[in-house]
Amino acid sequence: MATTVRCDDCSYEEAFDSLRRARTAVSEHERSTGHAVAWEIESLAGGVERAGADAGVCGRPECANPDSPLLDRDAARGVDPDD
């Protein structure tokens with residue numbers, strides 16, 4: 001995954017290969033400068049992209065791929081798998 005952090009209020013710009021490190025950098029820069037930082041995720045791992053596509057863009061059940069092995073159908077129906 002590639003994430004770019006860019007500040008519109010100054011020249012700060014940095015790329016990260018970890019979302020966690022990008023979020024930490026955004027927080028630190030905003031806290032230390034008071035600037036609002038923009039960030040962009042340029043790519044995701046294939047499994048994350050597939051999960052997003054199977055869930056549907058909006059995440060509503062009617063938008064999801066009902067044949068996806070990634071969906072937890074029991075949870076969607078309110079069924080406890082331990083019962």
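Keep in mind that this is a model prediction, so the values were computed, not measured.

Caption draft 1: Representation of the state of the cysteines in the model. This model, assessed by the stated rule, comprises 0 disulfides. Its sulfur unpaired, C10 is 3.7 Å from the next cysteine sulfur, which belongs to C7.

Caption draft 2: Local environment of the pairing of strand β2 (residues 13-16). Inspection of the sheet shows strand β1 (residues 2-7) paired to β2 by 4 bridges, in the antiparallel sense. Bridge assignment links V5 to a residue of β2, and that residue is E14. If you look at the hairpin formed by β1 and β2, you'll find 5 residues sitting between the two strands.

Caption draft 3: Highlighting the nonpolar core. In this structure, V5, C7, Y12, F16, A22, A25, V26 and V37 together form the largest nonpolar core, which totals 8 residues. For this core, the elements supplying multiple residues, two or more each, are β1 and α1 (19-33). In terms of residue count, α1 provides more of this core than any other element does, 3 residues in total. For V37, the contacting residues outside a window of four places in its chain are V5, R6, C7, V26, H29 and E30.

About the thresholds
Residues numbered from 1 in each chain as written. Predicted model: local features only at pLDDT ≥ 70, side-chain atom pairs only at ≥ 80, totals over all residues. Heavy atoms only, no water. Disulfide = S-S within 2.5 Å. Pairing = 2+ DSSP bridges. Helix = DSSP H or I, 4+ residues; strand = E, 2+ residues; numbered from the N terminus. Core = buried A, V, L, I, M, F, W, Y, C linked by side-chain atoms within 4.5 Å. Buried < 20%, exposed > 50% of the residue type's maximum accessible area, 1.4 Å probe, protein only. Contact = heavy atoms within 4.5 Å.

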